[in-house]
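Residues per chain, in single letters:
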Amino acid sequence: MTEPLAFYEHRQFFSHEAPPRTVLAPMEGVVDAMTRSVLTSLGGVDLCLTEFVRVTTQLLPEHVFYKYAPELRSGSRTAAGTPLLIQLLGSDPVCLGENAARAVELGAYGIDLNFGCPAKTVNRHDGGASLLKNPERVANAVRGVRSALPSTVSVSAKVRLGFHDKSLHREIAQAAESGGADWLTVHARTRDEGYQPPAHWAFIASMRESIRIPVIANGECWTPADVMNMQRVSGCRHVMLGRGLLARPSLAREIRGGSELTWAETLDLLRNFYLESFDARGEAFASARLKQWLRFMANGARPTSEISEGSSVHSMVDVGVTPSSRAQNLFERLKRLEPIRKIDFETLA
Ligand SMILES: Cc1cc2nc3c(=O)[nH]c(=O)nc-3n(C[C@H](O)[C@H](O)[C@H](O)COP(=O)(O)O)c2cc1C
């Protein structure tokens, strides 16, 4: 079993005295090992998570864990050295515990449990946010994992404010704590609210006040000013960033006083991402993922939205990640390369 990193003493990592930490949000179908690699290379991200690994009734074979977390082969860290947690999604405490133990045997630093996934298929099969309807089930799931792991390994939970409404938000936080979670991440929306703005940061404050474990605030941060507002309203120093970090990859380092990405750095990032994805999964995959990332930059992250002529280009300009004419130029050139072949990034620059 891998020993915890010296600096990654989980009880201190997110403690109330710790410096503000930034976590890269888990995003299924988006934040894979290649995305984690390039985003953590920019600096400012302290911790990342895998996409959720679905647990039903079986002990998953090792290759599944390596598929979601190739970083297990390199000390459970990205190339930049950022530690990785494995996120599990399921409802059976025993089975969750067994799979968590296997992930930790393979070298995971910690286990995060997903109680936020809004997908109908996942909820129908009693996973993700559906457990929020009955906080006791959140407690049981966390307890099942906590009791299967040594105390040196962190167990955390990621929740929303509720399923249909927010009436149980405090009970949900208390359930995660009583189950033995070391910290809690709150995405400040109910399951029914999906990803519709706004995020209700004040409810995070209410949850934080009802428990003693550290709370990481999450939802709807696109700019450094948004992050500061979320910290102020929620009272949380630690934050998790998802779509905002894809739309503006330097957001994490900017909130530490670092610089915004230049156009050259943006191209570099996209090129590295494309090439890493190409090496790992081939051209079609790399092209699809590159286009997906461009959509996040262009649209402020609506993964299902189509690349459309006018609106995308305009919002891409609005995002302000890049000088507008160059962003538009890249966008137009990429569109002409449809389906994207091996991209000559030098000519796009
Ligand atoms: C495409 C997509 C996939 C996601 N996948 C996961 C996931 O696997 N596990 C999880 O806990 N949350 C998942 N989320 C939720 C995010 O982690 C995060 O809570 C949410 O996007 C709000 O944060 P943001 O406004 O910073 O993006 C996903 C969100 C999106 C948009």
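These numbers were taken from a predicted model, which means no experiment stands behind them. (Residues numbered from 1 in each chain as written. Predicted model: local features only at pLDDT ≥ 70, side-chain atom pairs only at ≥ 80, totals over all residues.)

Caption draft 1: Quick peek at the overall build of the protein. In terms of helices and strands, the protein carries 16 helices and nine strands. Of all 349 residues assigned to the protein, the portion counted as buried reaches 50%. Of the contacts formed within the protein by residues at least 6 apart in sequence, a portion of 67% connects residues at least 24 apart. (Helix = DSSP H or I, 4+ residues; strand = E, 2+ residues; numbered from the N terminus. Buried ≥ 20, exposed ≤ 12 C-beta atoms within 10 Å, placed from the backbone. Contact = placed C-beta atoms within 7 Å.)

Caption draft 2: Summary view of the packing of helix α7 (residues 169-179) against helix α8 (residues 201-209). Where α7 contacts α8, the two axes come as close as 9 Å, and the packing angle between them is 50 degrees. It follows from the interaxial angle that α7 and α8 lie oblique. Seen along the crossing, α7 lies across α8 with a hand that is right-handed. When α7 is examined against α8, the residues His 169, Arg 170 and Ala 173 are found in contact with a partner set consisting of Phe 203, Ser 206 and Met 207. A per-class count over the contact of α7 with α8 returns three nonpolar, two polar and one charged. (Axes fitted to C-alpha atoms, helices over the stretch in contact; angles between N-to-C directions. Parallel < 35°, antiparallel > 145°, perpendicular 65-115°, else oblique. Left-handed = near helix turned anticlockwise from the far one by under 90°. Nonpolar A, V, L, I, M, F, W, Y, C, P; charged D, E, K, R; others polar.)

Caption draft 3: A look at the pairing of strand β8 (residues 215-218). Side chains Val 215 and Ala 217 of β8 all project onto a buried face; the interleaved residues Ile 216 and Asn 218 project onto the opposite face, where all are buried too. By the bridge criterion, four bridges tie strand β7 (residues 183-187) to β8 in an arrangement that is parallel. What sits directly across from His 187, in β8, is Asn 218. With α8 bridging β7 and the parallel β8, this β-α-β connection has right-handed handedness. Across three bridges, β8 lies against strand β9 (residues 238-241) in parallel orientation. Within the sheet, the bridge partner assigned to Ala 217 lies in β9 and is Val 239. In terms of handedness, the path from β8 via helix α9 (residues 224-234) over to β9 forms a crossover that is right-handed. (Pairing = 2+ DSSP bridges. Right-handed = clockwise from strand over helix to strand, strands pointing away.)

Caption draft 4: Seen up close, the site of the ligand. The environment of the ligand is formed by 23 residues, the closest being Ala 25, Met 27, Glu 28, Gly 242 and Arg 243. Considering only residue class, the shell around the ligand consists of nine nonpolar, nine polar and five charged. (Near = placed C-beta within 6 Å.)

Caption draft 5: Examining the packing of helix α6 (residues 135-146) against α7 more closely. Between α6 and α7, whose axes approach to 7 Å, the crossing angle comes to 25 degrees. Here α7 runs roughly parallel to α6, going by the angle between their axes. Viewed along their axes, α6 and α7 form a crossing whose handedness is right-handed. Contact residues: Pro 135, Glu 136, Val 138, Ala 139, Asn 140, Ala 141, Val 142, Arg 143 and Arg 146 in α6; Glu 171, Ile 172, Ala 175, Ala 176, Ser 178 and Gly 179 in α7. Partitioning the contact of α6 with α7 into residue classes produces eight nonpolar, three polar and four charged.

Caption draft 6: Examining helix α2 (residues 33-41) more closely. α2 sits mainly inside the fold: eight of its nine residues count as buried. Residues Ala 33, Met 34, Thr 35, Arg 36, Ser 37, Val 38, Leu 39 and Thr 40 constitute the buried set of α2. A positive phi of about 90 degrees marks Gly 43, the residue just after α2.

Coordinates in, geometry out; function isn't part of it.
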